[in-house]
Amino acid sequence: MSFLLNVQRLSKSFRGLRAVTNVSFEVEEGAIVALIGPNGAGKTTIFNMVAGALRPDDGAILFAGKPIDGLRPDQICVLGIGRTFQIVKPFAGLSVLDNAIVGALRCCVRVDEARAFASTIIDKLGLGAKRDFPASSLTLPDRKKLEIARALATRPKLLLLDEVMAGLRPLECDQLIAFLQEFNQRDGVTILLIEHVMRAVMALAHKVIVLHHGEMIAQGSPAQVVLDAAVLECYLGEDLEL
């Protein structure tokens, strides 16, 4: 079994507040793994440490067997980790296509090559008809698609998706699920996602990791996790979309 991402005893505090405590998990190459839990559980903090935006206080992060904790975000992107953000912030003054080209220039030497690759990505995400629109004119669902397109344009080996289903209608959610499944199966891109829309988690994830108050309380297949007593207690009173 080959692990693309290996998180070992990761911890992070903010002025005495323990956001993540001794969390360990692995993401197998080619898998789709979901990181779930209530708001404030530490999910995005873990993303930020994996992507280089935050340095862990303790623990180690291995990507393809090599330590990456302490590297800058741009260095981690070059190694093959792309990410989206929960609060999407496209380059508002650029067109949809130019936003994706920015990502594609990470791996394409020539602008025409980057344009061709970026165009393919936005077409697959259903944004082709809006390629020349300014990003500022997009609806929230389309901005989320553009966020994914910009990350995919960097040609990542590991894609980090932070609540990309939030704000989408059921049909839009189903379309995005189908796209991510196809992309994972066809191109072999490994996906680690944070998601509150449980119907998406159940459809996509091969493994689910559950966090609560910064600690991992369960992990396993989606079917196993939704029956776990600790997970049921953790989500008691939570309004999850199933």
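Coordinates for the structure precede this section.
This report concerns the structure included in the present document. (Residues numbered from 1 in each chain as written. Predicted model: local features only at pLDDT ≥ 70, side-chain atom pairs only at ≥ 80, totals over all residues. Heavy atoms only, no water.)

1. Quick look at the overall build of the chain
The cut-off we apply is this: Only runs of H or I of at least four residues qualify as helices and only runs of E of at least two qualify as strands under DSSP, and these elements are numbered from the N terminus. Restricting the calculation to C-alpha atoms gives the radius of gyration, and the globule rule supplies 2.2 Å times the number of residues raised to the power 0.38. Think of it in three bands: residues with accessible area under 20% of the maximum for their type are buried, residues over 50% are exposed, and the middle band is partly exposed, with areas taken using a 1.4 Å probe on protein chains only. The contact definition used throughout considers only heavy atoms, calling two residues in contact when any of these lie within 4.5 Å.
Summing up its helical and strand segments, the chain has nine helices and ten strands in all. Relative to a compact globule of 242 residues, whose C-alpha radius of gyration would be 18 Å, the chain shows 18 Å and is just as compact. Oriented by its inertia axes, the alpha-carbon framework of the chain measures out at about 50 × 40 × 40 Å. The proportion of buried residues among the 242 residues of the chain is 50%. Considering only residue pairs separated by 6 or more positions, the chain has 65% of its internal contacts joining residues 24 or more positions apart.

2. Let's talk about the sheet that holds strand S2 (residues 17–28)
What counts is decided by this rule: The pairing criterion for strands is at least two bridges between them, as found by DSSP.
In spatial order, the strands read S2-S1-S4-S5; together these four strands make up an open sheet with antiparallel pairing. Looking along the sheet, the strands with just one partner apiece sit at the ends: S2 and strand S5 (66–67).

3. With respect to the packing of aromatic side chains
Let me state the cut-off plainly: For Phe, Tyr and Trp, where Trp contributes only its six-membered ring, two rings pair if their centres lie within 6.5 Å, and the inter-plane angle classes them as stacked under 30 degrees, edge-to-face over 60, or tilted in between. Placement of a positive charge over a ring is assigned whenever Lys NZ or Arg CZ falls within 6 Å of the ring centre and within 35 degrees of the normal to the ring plane.
In total, this model carries one aromatic pair according to the counting rule given. The positively charged end of arginine 83 is found above the aromatic ring belonging to phenylalanine 85, 4.0 Å away from the centroid. Against the face of phenylalanine 117 rests arginine 155, its NZ or CZ located 3.9 Å from the ring centre.

4. Digging into the nonpolar core
Note the following rule: Residues grouped as a nonpolar core are buried Ala, Val, Leu, Ile, Met, Phe, Trp, Tyr and Cys residues, joined through side-chain atoms within 4.5 Å.
Counting 48 residues, the largest nonpolar core has Leu161, Met165, Leu176, Leu180 and Val208 as its most contacted members. In contact with valine 208, not counting residues within four places along its chain, are Ala34, Ile36, Val201, Ala218, Gln219, Gly220, Pro222 and Val225. Grouped together as the second largest cluster of nonpolar side chains are 29 residues, Leu5, Val23, Phe25 and Val33 included.

5. Topic: the packing of helix H3 (residues 96–104) against helix H4 (residues 111–124)
We count it as follows: To get an axis, a line is fitted to the C-alpha atoms, and for a helix only the part in contact is used. The angle between two axes follows their N-to-C directions and goes from 0 to 180 degrees. We call a crossing left-handed when the near helix sits turned anticlockwise from the far one by less than a right angle, and right-handed when that turn is clockwise. Any residue that is not Ala, Val, Leu, Ile, Met, Phe, Trp, Tyr, Cys, Pro, Asp, Glu, Lys or Arg is counted as polar, Gly included; the first ten are nonpolar and the last four charged.
Contact geometry of H3 with H4 gives a least axis separation of 8 Å together with a crossing angle of 115°. As H3 packs across H4, the resulting crossing turns out to be right-handed. Across the interface between the two elements, Val96, Leu97, Ala100, Ile101 and Ala104 of H3 pack against Ala114, Arg115, Phe117, Ala118, Ser119 and Ile122 of H4. The residue makeup of the contact of H3 with H4, split by class, is nine nonpolar, one polar and one charged.

6. Things to note about unusual backbone geometry
Although it is not a glycine, arginine 9 adopts a positive phi angle of roughly 50°. Assignment of secondary structure puts arginine 9 in strand S1 (residues 3–14). Here asparagine 22, not a glycine, exhibits a phi torsion of approximately 55°, which is positive. Assignment of secondary structure puts asparagine 22 in strand S2.

7. A few points about a positive patch on the surface
Basically, it comes down to this: Within the patch definition used here, like charges are joined within 9 Å and nonpolar side chains (Val, Leu, Ile, Met, Phe, Trp, Tyr) within 5 Å, considering only residues with over 30% relative accessible area and no salt bridge. Calculation of accessible area relied on Shrake-Rupley with a 1.4 Å probe; when residues are assessed, cover is drawn exclusively from the protein chains displayed. Should a side-chain nitrogen of Lys or Arg be within 4 Å of a carboxyl oxygen of Asp or Glu, the pair is scored as a salt bridge. Only four residue types enter the tally: Lys and Arg on the positive side, Asp and Glu on the negative side; His and the chain ends are excluded. The location of each charge is read from NZ of Lys, CZ of Arg, CG of Asp or CD of Glu.
On the surface, a cluster of positive charge is contributed by Lys66, Arg106, Arg155 and Lys157. Within the secondary structure, arginine 106 is located in the loop between H3 and H4. You can call arginine 106 partly exposed: its relative accessible area is 31%.

8. Overview of the environment of alanine 205
Of note, alanine 205 is situated in the loop between helix H7 (198–204) and strand S9 (207–212). Judged by its relative accessible area of 9%, alanine 205 is buried. Those residues in contact with alanine 205 that sit more than four places away from it in its chain are Ile32, Ala34, Ala200 and Pro222.

9. Things to note about the side chain of lysine 43
Keep this limit in mind: Polar contact is defined as a pair of N or O atoms within 3.5 Å, subject to the rule that within protein one atom must be able to donate a hydrogen and the other to accept it, and that residues adjacent in sequence are counted only when both atoms are side-chain atoms.
With respect to the element layout, lysine 43 can be found in helix H1 (residues 43–50). No salt bridge is formed by the buried lysine 43; the nearest opposite charge belongs to glutamate 163, separated by 5.3 Å. Polar side-chain contacts of lysine 43 include one of 3.0 Å to the backbone oxygen of proline 38. Those residues in contact with lysine 43 that lie beyond four places of it in its chain are Leu35, Ile36, Gly37, Pro38, Ile194, His196 and Leu211.

10. Comments concerning the pairing of strand S10 (residues 215–220)
Two elements, S9 and S10, share five bridges in a ladder whose sense is antiparallel. Bridge assignment links leucine 211 to a residue of S10, and that residue is methionine 216. What sits between S9 and S10 in their antiparallel hairpin is a turn of two residues, with histidine 213 showing a positive phi close to 50°.

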